[in-house]
Amino acid sequence: MIRYKSFDGVEIPSILYKPKNASSQQKAPALLLIHGGPGGQTRVGYSALTQYLVNHGYVVLGVNNRGSSGYGKTFFTSDDGKHGREPLWDCIEAKKYLSSLGYVDEKKIGIMGGSYGGYNGSGSACVQA
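Residues numbered from 1 in each chain as written. Predicted model: local features only at pLDDT ≥ 70, side-chain atom pairs only at ≥ 80, totals over all residues. Heavy atoms only, no water.

A.B. asks: Just checking my understanding: could you explain the overall build of the protein for this structure?
C.D. replies: The helix and strand tally for the protein stands at 4 helices and 5 strands. Ordered by position in the sequence, the α and β elements of the protein form the string β-β-β-α-β-α-α-β-α. When each of the 129 residues of the protein is scored for burial, the buried share is 43%. Restricting to contacts in the protein with at least 6 residues of sequence separation, those with at least 24 account for 75%. Working note: accessible area of the protein is about 6,700 Å², and carbon and sulfur atoms make up 52% of it. (Helix = DSSP H or I, 4+ residues; strand = E, 2+ residues; numbered from the N terminus. Buried < 20%, exposed > 50% of the residue type's maximum accessible area, 1.4 Å probe, protein only. Contact = heavy atoms within 4.5 Å. Areas by Shrake-Rupley, 256 points an atom, 1.4 Å probe, with all protein chains shown as cover.)

Below you can see the structure in the form of structure tokens.
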């Protein structure tokens, strides 16, 4: 469990999975995993997809961008009417956070997700930011 600061100082709770062999000498590609929702939540627990990705050398960051459930009413409603703005910017900041880790190949960071996370299909900005 980690938290990173977004563009406006809001702390974004996330779950970071690091493959065993990732290091500053052997940088790993990474994926932002955006949950469905909008009121969904990435939780600790077994996920076949996440386990597969990590076992195959990917760093995975399960982002609980603003609007995610489980972090209080203010956080939950902070994306109301703002889909594609602040929640997307939280993803861009997640990419910056991953880039700051010494074991992530900053040129190989992607994004994936379904349902609410699928709006990030236009979120190539997350990869390019």
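A.B. asks: Is there a simple way to think about the pairing of strand 4 (residues 59-63) in this case?
C.D. replies: The side chains of a regular strand alternate, first on one face of the sheet and then on the other. With 5 of 5 residues buried, strand 4 is to be regarded as a mostly interior element. Of the two faces of strand 4, the one carrying V59, L61 and V63 and the one carrying V60 and G62 are both buried. Where strand 2 (residues 11-17) meets strand 4, 4 bridges bridge the pair, whose relative direction is antiparallel. Each bridged residue has a counterpart across the sheet, and for L16 the counterpart in strand 4 is L61. In this sheet, strand 4 lies alongside strand 3 (residues 28-34) in parallel orientation, the contact comprising 5 bridges. Bridge pairing links A30 to V59 in strand 4. (Pairing = 2+ DSSP bridges.)

A.B. asks: What is the right way to read helix 3 (residues 86-100) from this model?
C.D. replies: Three- or four-residue spacings in an α-helix give side chains the same orientation, since the helix completes a turn every 3.6 residues. Compared with an ideal rise of 1.5 Å per residue, which puts 15 residues at 21 Å, helix 3 spans 21 Å between its outermost C-alpha atoms and is within 8% of the ideal. Among the 15 residues that make up helix 3, 11 are buried, leaving the element largely enclosed by the rest of the structure. Where helix 3 is concerned, the buried positions are E86, P87, L88, D90, C91, I92, E93, A94, K95, Y97 and L98. (Expected span 1.5 Å × (residues − 1).)

Everything listed here is a matter of coordinates, which is why it stays silent on function.
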